[in-house]
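# Structural description and commentary
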Amino acid sequence: MTTQPAILDWQSVLAADRATVGGKAWQLARLKQFGLPVPEGLVISAGWRRLHDGAAALSPELSGALREALAARGWLNKPLAVRSSAAREDSAKASFAGIYRSCLNVCGMEQVEAAICEVWASLWSPAAIAYRQKLGLVHGVRGAHVAGAAGTPDMAVIIMPLLPAIASGIAFTCDPISGRDDRLVIHAQWGLGESLVGGQTTGDEYVFAEDPLDDHWMLFRQQMGGKAAKAVVRPEGGTAMVSTSATQAGAFVLSPDQALHLAELLRDAAVALDFTHPFYDLEWVWDGDQFWLTQARPVTGRPRYTYPALQTQPACWTRGNTCEVVPDPLSPIDWSSARKMVNALLVQGCLLAGYPLLPGVQRAGLFHGRLYLELSLLQWEYFDALGVVPKVVNALIGGRQPEIAISAPSLGSRLARLRRVLRYMLRSPARRRRGARAVERAMVEAGRWRKQATAEDAAGLRAEILYQFRVVRGAIDLFFLQSSGGGSLSMLVEQLDKYFPGEGYALATALLAGGEPSVTARQSYDLMALARLSQASAGEGVGEASGGCQHRRHRQNPEFERAFNAFLEHYGHRGLYESYFRNPRWREAPEYLLSSLAQLAEVDEAALRARQQAAVADALARIETGAPFWKRAFIQWLAKAAHQEGNQREAARSALIAYTEPVRLILLAAGRYLAGHGVLAQEADIFQLMLSEILRALDGDISAAGVRARVADRNKLFEKWSREIAPGVVVEASRHSTGGWQAPAPGAVAPANNSRRYQGMPTGTGRARGKACLLRHPSDGFKLQPGDILVAPSTDPGWTPLFLRAGGLVVEAGGYLSHGAIVAREFAIPAVVNLPGILASIKDGDMVEVDGMSGIVTLIE
């Protein structure tokens, strides 16, 4: 006798483990929990199958429990569906589609018991055995019914009311043929779905395309298919194929509005089950009043959608640049935004050059909760479009990853790339001017959004959220400035390397010191001015301590309060790890700024300016003696262009972050509204929903219990992700791959000549020696003493005030275009980035030397 309950309802299924209830039941129970329309159901747990192996009838114990459960629900004489739910069925790696038995229109205890035994027996059908063998699964021997016997497959059984299907079908929340994730495909047929699943008819097909600016779907194509026959129930039980009426055969099964409603429901189901990879194969039924979901399984063997040149190469995903600004797991709303914005941001240069991008390809991915970029795709696009070799792309992005294999280009390809480079160079100046105007507009519009009255009703909140997301996702001029900051820098390094082999980047870094400050550097200079004013206030007995106490005391000084309010007016939209919607901005939480003033007041700004000027003068002197006179002017022009591009990149980021401040506020307002109506437990739970889910929750299309269940599920997932150490590179083998890349070991630092010297990317000029100060978050910046070598995992703009006190900078993440690299160049700070694992190799207080010219960090003692 099994210790498992004989009969489980959906809630009990969730309390059991997946192996006990099987994949199909597990997925349906989760859909029900998340507020999706799933019919009621009962599950006979898998352990009972072993007790009945080879039996022709149910045991009295199971039969009695089943009769009691059916009678309690009024199902004894109701048409039912009896379906398999094997342990590995409907999983990500094995669908078992059509392998195991399902029995429809089963009426009465006798038919139900027979159907259960028939479903169990399908475990040993030739098709099931062959399928398991094909997947390399040990399928055991029939009769090996001892619980836990090695290799014995388990199967639970689902019993559900048979829905009165006017129409039904299957759907895929991606294109199952091409693999595109911005497509959703629905197949529809009159009557029961058996004819579609079994392949007797093709049914109608509806293909939806995802709106690039929001999470809505648009009917892209509909095609009428063969519907000459349909499956219907027989009065005596079971089903039969009958001819379809001429009216039905000649009409679409679903109207456009019905199809759209179903498409959004299907996508919501996929997002609820797995918002990181929402690619599911679902079955649905329309009963005349509503749509029901009757099965959900991940799409197995989803094709890789990419360029032909990459089909035989693995997909390489990197955190080389993204781990600097978003090192921690993304909340669903963060991913909802990043998935589209990052994709749009990365293609602007290629679009300007007129390169024919592959439509619908996805360049952003979420693994271990972190944001990754498909490096193999970027390497190919920049090479094929503009001739930028993978090595250069890697240097700009950062991280330690391999390169794709590229073949020697033909003469025609080289000429096409040359034309695109020229087109880019001719179009770029005007596009940059547009971008500069877009920065100004964004700052003004973001300020207006922030100051406007917040809607108090669901419809108003929904409209404002949707409008703001569309504006931000459509900010292509800002995206261009963000993504195109490396062209002149790469050319500058290339030119300098010709005359100073191995020193190109070090000299370029020195040339870019000082000059017109970026918005991030200007923010730091303004903060230093505030610090000096704060010190003067303290000298008058006004300044004190830090945080809230200091803020209250500063309010006693009207001059400081005016200056601080002016600072927040310009920079209050910034914050610590500001790319996350969940993190407050300085305008909301100024304590970090106030606590840094005392130490910033000690920074010698004159010495900083002198260091910048000396770096530039030394570099120019070197170029004067080592480069031909006819190249010097070109080198200086490239340096000026690289400096401008770096500043514009920082300005565009600031503008985009300015946009996200009011978006964060309207999201919190929606969170308060939903919490006030019992949908959320607290306003901050709004960040654990995707944009599409927020809109549906405001529309009332997801039950309160369903919303809370999704949030609880994501909270657990987020905790799991937070404990994980995400690798710098994720490699996915292609089904057509002829060879694999060897990804660097996670956390591996690259030692130079010996174990005390570490080679990274040089991103700051000069050398510095000092005590290492290991900081994992800028809020710990009070530990940094003037002249210390700041060692950090990543640095977003919130770290910048610490740069001013540091003698040198060492960062695990980053590349030539990372925030830390740009600001270190401006401040002429010796800096080395792209040293994964350095935090584990150096201890607080170790004496280290940072060589910003060679990229070597040396552990002295």
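Let me begin by describing the structure that accompanies this report. Keep in mind it's a predicted model, so treat the numbers as computed, not measured.

## Regarding the pattern of salt bridges
A full pass over the atoms with the stated rule returns 42 salt bridges. Linked by salt bridges that have partners in common, D181, E210, D215, R339, K340 and R473 make up one network.

## Considering unusual backbone geometry
With a phi angle near 55 degrees, H368 is a residue other than glycine that sits in the positive phi range. Relative to the assigned elements, H368 resides in the loop between strand 15 (364–367) and strand 16 (370–374). Given a relative accessible area of 32%, H368 falls into the partly exposed group. With a phi close to 45 degrees, Y577 is a non-glycine residue in the positive phi region. Looking at where Y577 falls in the secondary structure, it is placed in the loop between helix 22 (558–571) and helix 23 (591–600).

## With respect to the packing of aromatic side chains
If you walk through the whole model with that rule in mind, you get 15 aromatic pairs. When the ring of W286 is compared with that of F291, the centres are 4.7 Å apart and the planes differ by 45 degrees; the resulting orientation is tilted. Ring geometry for W449 and Y659: centres 5.1 Å apart, planes at 35 degrees, overall tilted. In this pair, W449 sits in helix 15 (residues 411–451) while Y659 sits in helix 25 (residues 629–676), placing the two residues 210 residues apart along the sequence. Overall, the relative accessible area of 6% leaves Y659 in the buried class. Against the face of F220 rests R183, its NZ or CZ located 4.5 Å from the ring centre. Lying over the aromatic face of F279, R302 brings its terminal NZ or CZ to 3.9 Å of the ring centre.

## Concerning the sheet that holds strand 14 (residues 315–318)
Pairing between the strands of a sheet comes from backbone hydrogen bonds, and it takes one of two forms, parallel or antiparallel. Strand order in the open sheet formed by four strands is 15-16-14-17, with antiparallel pairing between adjacent strands. Only two strands of the sheet have a single neighbouring strand rather than two, namely strand 15 and strand 17 (729–732). Across the sheet, the mean angle from the axis of one strand to that of its neighbour is 35 degrees, orientation sign disregarded. Sheet topology note: the strand 14/strand 17 ladder contains four bridges and is antiparallel. Paired with T318 across the two strands is V729, which belongs to strand 17. Most of the contacts of helix 13 (residues 375–386) go to strand 16, to which it runs at about 35 degrees, and overall it touches strand 14 and strand 16.

What counts and what doesn't
- Residues numbered from 1 in each chain as written.
- Predicted model: local features only at pLDDT ≥ 70, side-chain atom pairs only at ≥ 80, totals over all residues.
- Heavy atoms only, no water.
- Salt bridge = Lys/Arg side-chain N within 4 Å of Asp/Glu carboxyl O.
- Helix = DSSP H or I, 4+ residues; strand = E, 2+ residues; numbered from the N terminus.
- Buried < 20%, exposed > 50% of the residue type's maximum accessible area, 1.4 Å probe, protein only.
- Phe/Tyr/Trp six-rings, centres within 6.5 Å; stacked < 30°, edge-to-face > 60°.
- Lys NZ or Arg CZ within 6 Å of the ring centre and 35° of its normal.
- Pairing = 2+ DSSP bridges.
- Axes fitted to C-alpha atoms, helices over the stretch in contact; angles between N-to-C directions.
- Contact = heavy atoms within 4.5 Å.

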